[in-house]
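The residues making up each chain are set out below.
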Amino acid sequence: MTVNIQPGRAGPASPPATPGSPAPPGETSDADLIRRSAVDPEHFAALFRRHSGPLHRYVARRLGPGPAEDIVAEVFLTAFRQRDRYQPGQPDARPWLYGIATNLIGRHRRSEVRMYRALARTGADPVTEPFTDQVEDRVTAAGTARPLAAALARLPAGHRDALLLVAWGDLTYEQAAASLGVPIGTVRSRISRARSRLRQALAGQDITSQQQGESP
Amino acid sequence: MNEMDELVRMRASVPDGPPSGRARTALLEAMRAERAGMPAWAGHPGRGRGRRRGLWRAPRAVLAGGLALGCAAALTTVLLTQPGPGLARPSAHGLTVHELAYRSAAAAETAPPVSPGQWVYRSGVEKFSHHVTPFHVWTTADDSKAAVQVSGKLQFVRGPLTGLPVLVNGKLVVLRGPLDTLPDPSHAAEAFYVGPLESPAIDYNRLGSLPKDPRALEHSLEGLPRRGLGSPAHKAFSVAADLVSSYVMPPEITATLMRAIGEIPGVTVDNHAMDAAGRPGVGFVFTDRDGARQEIVMDPHTFRFMGTQSVLQHPGGPLTFGGGTAFLQQELVSGPGEFPPGARR
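Throughout what follows, the structure given in this document is the object of discussion. Counting from 1, residues in each chain are numbered in the order their sequence is written. Following the order in which they are written, the chains are lettered starting with A and the ligands numbered starting with 1. Residue-level local features of this predicted model are given only where pLDDT is at least 70; pairs of side-chain atoms are given and counted only at 80 or more, and the full residue set underlies all totals for whole chains, interfaces and linings. Think of the side-chain values as coming from all heavy atoms in the structure, minus any hydrogens and water.

### Let's talk about the packing of aromatic side chains
For any pair of aromatic rings, geometry is given as the distance between the ring centres together with the angle between the planes.
Turning to step 1, where the next piece is worked out: Any pair of Phe, Tyr and Trp rings, taking the six-membered ring for Trp, is counted once the centres come within 6.5 Å. Such a pair is stacked with planes under 30 degrees apart, edge-to-face with planes over 60 apart, and tilted for the rest. Evaluation of the coordinates by the stated rule reveals 10 aromatic pairs over all chains.
Turning to step 2, where the next piece is worked out: A network of ring pairs unites the aromatic residues Tyr121(B), Trp138(B) and Phe339(B) as a single cluster.
Turning to step 3, where the next piece is worked out: The ring centre of Phe80(A) lies 4.1 Å from the NZ or CZ of Arg83(A), which sits over that ring. Comment: the charge-over-ring label is applied if NZ (Lys) or CZ (Arg) is within 6 Å of the ring centre and within 35 degrees of the ring normal.

### Considerations on the interface of chain A and chain B
Turning to step 1, where the next piece is worked out: Contacts are assigned to residue pairs with any non-hydrogen atoms lying within 4.5 Å of each other. Facing the 54 residues of chain A at the interface are 36 residues of chain B.
Turning to step 2, where the next piece is worked out: Both faces combined, the contact of chain A with chain B buries some 4,300 Å², and carbon together with sulfur accounts for 65% of it.
Turning to step 3, where the next piece is worked out: The buried area of a pairing is the accessible area, by a 1.4 Å probe, that goes missing from both parts when the two are put together, added over both. Three residues, Leu77(A), Arg81(A) and Arg107(A), lead the burial of chain A against chain B; their summed loss comes to 14% of the area buried on that side.
Turning to step 4, where the next piece is worked out: Salt-bridge detection follows one rule: a side-chain nitrogen of Lys or Arg within 4 Å of a carboxyl oxygen of Asp or Glu. There are five salt bridges connecting chain A and chain B.
Turning to step 5, where the next piece is worked out: When the shortest N-O distance is used, the salt bridge between Arg107(A) and Glu263(B) registers 3.5 Å.

### As for the pattern of salt bridges
Side chains that carry opposite charge are capable of pairing whenever their charged atoms lie near each other.
Turning to step 1, where the next piece is worked out: Evaluated as defined, the whole model comprises 19 salt bridges over all chains.
Turning to step 2, where the next piece is worked out: We note a salt bridge from Glu74(A) to Arg107(A), for which the minimum N-O separation is 3.7 Å. Taken together, the positions of Glu74(A) in helix H3 (residues 65–81) and Arg107(A) in the loop between helix H4 (94–106) and helix H5 (109–122) put the pair 33 residues apart, joining distant regions of the chain.
Turning to step 3, where the next piece is worked out: Under the scheme applied here, a residue whose accessible area is under 20% of the maximum for its type counts as buried, over 50% as exposed, and between as partly exposed, the area being computed with a 1.4 Å probe on protein chains only. Of the residues examined, Arg107(A) reaches a relative accessible area of 32% and is grouped as partly exposed.
Turning to step 4, where the next piece is worked out: For Arg103(B), the salt bridge is made with Glu99(B), and the minimal N-O distance between the two is 3.1 Å. Residue Arg103(B) and its partner Glu99(B) are located together in helix H4 (residues 97–109), separated by four residues, close to a single helical turn. Of the two residues, Arg103(B) and Glu99(B), neither departs from the other in class, the shared state being buried. Each helix is a run of H or I in the DSSP string that is no shorter than four residues. Each strand is a run of E no shorter than two, and both are numbered from the N terminus.

### Section: the environment of Ser209(B)
Residue and element names in this part refer to chain B.
Turning to step 1, where the next piece is worked out: Mapped onto the elements, Ser209 comes out in the loop between strand E6 (171–175) and helix H5 (214–222).
Turning to step 2, where the next piece is worked out: Note on Ser209: relative accessible area 56%, which makes it exposed.
Turning to step 3, where the next piece is worked out: For the pair Ser209 and Ile253, spaced 44 residues apart in sequence, the C-alpha to C-alpha distance is 9.8 Å.
Turning to step 4, where the next piece is worked out: From its side chain, Ser209 meets the backbone oxygen of Arg206 in a polar contact 2.8 Å long. Here a polar contact is recorded for every N or O atom pair within 3.5 Å, except that within protein the pair must consist of a potential hydrogen donor and a potential acceptor, and residues adjacent in sequence are included only if both atoms are side-chain atoms.

### Quick notes on the packing of helix H6 (residues 232–246) of chain B against helix H7 (residues 251–261) of chain B
Residues and elements named next belong to chain B.
Turning to step 1, where the next piece is worked out: Interaxial angle, 0 to 180 degrees, is taken between N-to-C directions of lines fitted to C-alpha atoms, where a helix line uses only the stretch in contact. Remark: H6 packs on H7, axes separated minimally by 10 Å, with the N-to-C direction vectors making an angle of 150 degrees. Looking at the two axes, H6 sits roughly antiparallel to H7. The hand of the H6/H7 crossing is left-handed. Of the residues in H7, those touching H6 at Phe237, Ala240, Leu243 and Val244 are Leu257, Met258 and Ile261.
Turning to step 2, where the next piece is worked out: Residue classes follow a fixed rule: Ala, Val, Leu, Ile, Met, Phe, Trp, Tyr, Cys and Pro count as nonpolar, while Asp, Glu, Lys and Arg count as charged, and any other residue, Gly among them, counts as polar. Its residues placed into classes, the contact of H6 with H7 shows seven nonpolar, no polar and no charged. Orientation categories follow fixed angle ranges, with anything under 35 degrees roughly parallel, anything over 145 roughly antiparallel, 65 to 115 roughly perpendicular, and all other angles oblique. Handedness of a helix crossing follows the sense of rotation of the near helix relative to the far helix, less than a right angle counterclockwise being left-handed and clockwise being right-handed.

Structure (structure tokens):
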């Protein structure tokens, strides 16, 4: 059997699974793929094709493209080794995969916070620099990104994980709760508090902008 | 302004994958390994039969003692040309730190049990800067006794010895103190700092009481008192390197230690590592804040310990020194002076 685990770029012809809809219509569910991989490990390659691109983007948004490569590799290796523990009643594997990724990201917490702080302080984002060609784009992005980054850096790790799983990982609250292994009420509470911090940070940024605009 | 919308737009320019070939390769290897009947991270323990033990110490201290006794001339040099199993093309490319850690652990678990007083013969080379010195010695597993042959006669050295062989005025001496205690700083360029001068941070008799969980062990290593090391992670890596190269530990302890190395923050994999004998390997790498780089080099096929490599900055200046150890043969023997089959006398 030929093994093909080239990651499929999620594009118009192959849309990524939407939250709560683990696999595009007509395709085998994640749970089925994992179950089949117990007999033939190569079925796991389809899970890689389906989720590695979005997962890589999620991790890269948090830590940058360099660490993202290692973490995505490790997420899928860990998942492959532990697939016998997968709950067959969960058709969408993303909460499981993003949960593994969250644990691995936790090892780079200092680095992640350092980058938020750098962005807040300088307006230059080490994560997006390689992907942002236009100076104008960088300036525009930096406008709201700076106070957001400052707020993200100050959030407790658990709050940041919950918030970013939803905002950047496209998970529902329920899926984020499954990823983090906490009750959904905890996720709601964490996200609510985190959003409140972001609002305050943006409000402070607005006031600052206004004051700067008013000064001659 | 909706904070969630703004957050979703933040860093939106990061493209949607795909990850590099490394992730694909690693998964592919795991799938192939499983299809071949091996657990996904079980490594290839069957390939290492020619070497019964691979987890023996860099006999830095023993060599130091041996050299101090003036027995350098008795050490054989033919071992330098002895081909090692690592000469084949590495097969470990694309491994993550955890993959390497668990393969190394799986390989360690296949080693025979050993008691503290068990004698072991080991030969290899010790490298300091551009100087490469071959050695063959006998030590006990707990490094409490050592023996070398001098002019055909066995000389015993009481251990554990801590010392550092350095060149001063062209003569090798054992330095018992920090590098800045060299008698004449002008000889600093001839001195080779190869690692901490302290004894292993954990006494052999305490190894059995170490945590059995890799993460707990990693935390435990971070908390050990070690002088002159920076971050907790640096400390943990240095202690781990010291243990694998100082003792012949029981297989299960070595295996846990290998897994713990994979848990140390900042440790990466060097797919093009090389031991002191020039054999290719795959290395656990830790780079400290000053840019000094330490490696624990594993055989890319058997995933057994091959040696260590260090590139360290002289504390007093811009000079950079490299050092390391390679083990070419390591065998359990019944007593000191006994050569195992295949040993070059």
